[in-house]
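Breakdown of the fold
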Amino acid sequence: MSATATASADTPSLTEKQRQILSYLQNNADTQTYFKSRLIGEELDLSAKEVGTNMTALEQAEVGLDIEKWGYSSSTTWMVTDGQSGS
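Quick notes on the rules
Per-chain numbering applies: the sequence of each chain, read as written, is numbered from 1 onward. Reporting of local features is limited, given that this is a predicted model, to residues whose pLDDT is at least 70; pairs of side-chain atoms are given and counted only at 80 or more, and all residues count toward the totals for whole chains, interfaces and linings. For side-chain calculations, the full set of non-hydrogen atoms in the structure is used, while hydrogens and water are omitted. Secondary structure follows DSSP: runs of H or I at least 4 residues long count as helices, runs of E at least 2 residues long count as strands, and numbering of each begins at the N terminus. A pair of strands is treated as paired once DSSP finds two or more bridges between them. Expected helix span is computed as 1.5 Å times (number of residues minus one). Each residue is assigned to one of three classes by its accessible area relative to the maximum for its type, calculated with a 1.4 Å probe on protein chains only: buried under 20%, partly exposed between the two thresholds, exposed over 50%. Contacts are residue-level and defined by heavy atoms, with any inter-residue pair within 4.5 Å sufficient. When a carboxyl oxygen of Asp or Glu is within 4 Å of a side-chain nitrogen of Lys or Arg, the pair counts as a salt bridge. Confidence scores here are pLDDT values: one per residue, from the predictor, ranging 0 to 100. What makes a nonpolar core is a set of buried Ala, Val, Leu, Ile, Met, Phe, Trp, Tyr and Cys residues whose side-chain atoms join them at distances within 4.5 Å.

Describing the environment of Thr53
Structurally, Thr53 is set in helix α4 (residues 48-60). For the pair formed by Thr53 and Ser37, sequence separation is 16 residues and the distance between their alpha carbons is 9.6 Å.

So, in structure tokens, the structure goes:
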């Protein structure tokens, strides 16, 4: 996808884990809006804590997605939408 390539090119300061999480979100954001840290971690072989820490960094970065901490039941939930849809 071009959105993936663009976001990756525009985010040289991201760590490898952040790039891995970002790629996962970009690949799944078309079919899913809410993501649990625990489930992302299971998919990427990371702990929920690692995901949460890195999601906070992605939330603050310009990555082409809008990322918002949404809820805390059983694991932090993140709402992820296309960053261009609200513009």
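Let's talk about the pairing of strand β2 (residues 65-71)
Side-chain direction in a regular strand flips from residue to residue, so the side chains alternate between the two faces of the sheet. Pairing analysis gives 6 bridges linking β2 to strand β3 (residues 77-82), with the strands arranged antiparallel. By the bridge assignment, Lys69 is partnered in β3 with Trp78.

Description of α4
In a regular helix each residue adds 1.5 Å, so 13 residues correspond to 18 Å; α4 covers 19 Å between its end C-alpha atoms and thus fits that length. Of the residues making up α4, those classed as buried are Val51, Gly52, Asn54, Met55 and Leu58. On its buried face, α4 is in contact with α2 (16-28), α3 (37-44), β2 and β3.

Considering the pattern of salt bridges
When the charged atoms of two side chains lie near each other, side chains of opposite charge can form a pair. One pass over the structure, following the stated rule, counts 2 salt bridges. Across the salt bridge formed by Glu50 and Lys17, the nearest N and O atoms sit 2.5 Å from each other. Within this pair, whereas Glu50 is found in helix α4, its partner Lys17 is found in helix α2, the two being separated by 33 residues in sequence. In this structure Glu50 comes out as partly exposed when scored by relative accessible area, which is 26%. When its relative accessible area of 35% is taken as the criterion, Lys17 is described as partly exposed.

Points about the side chain of Thr77
Relative to the assigned elements, Thr77 resides in strand β3. If near-sequence neighbours (up to four positions away) are discounted, Thr77 is found in contact with Tyr34, Phe35, Lys36, Glu68, Lys69, Trp70 and Gly71.

Quick notes on the confidence of the model for the protein
Within the protein, residue pLDDT values average 85, and 82% of them lie at 70 or more. For residues 1-9, every residue scores under 50 in pLDDT, and the model assigns this stretch 9 contacts once sequence neighbours within four places are set aside.

Examining the nonpolar core
Ile21, Leu25, Met55, Leu58, Ile67 and Val80 are the most contacted members of the largest nonpolar core, which totals 17 residues. At the level of elements, α2, α3, α4, β2 and β3 are the ones that each hand at least two residues to this core. Discounting chain neighbours no more than four positions away, the residues touching Leu58 are Leu14, Gln18, Ile21, Leu22, Leu25, Val63 and Ile67.

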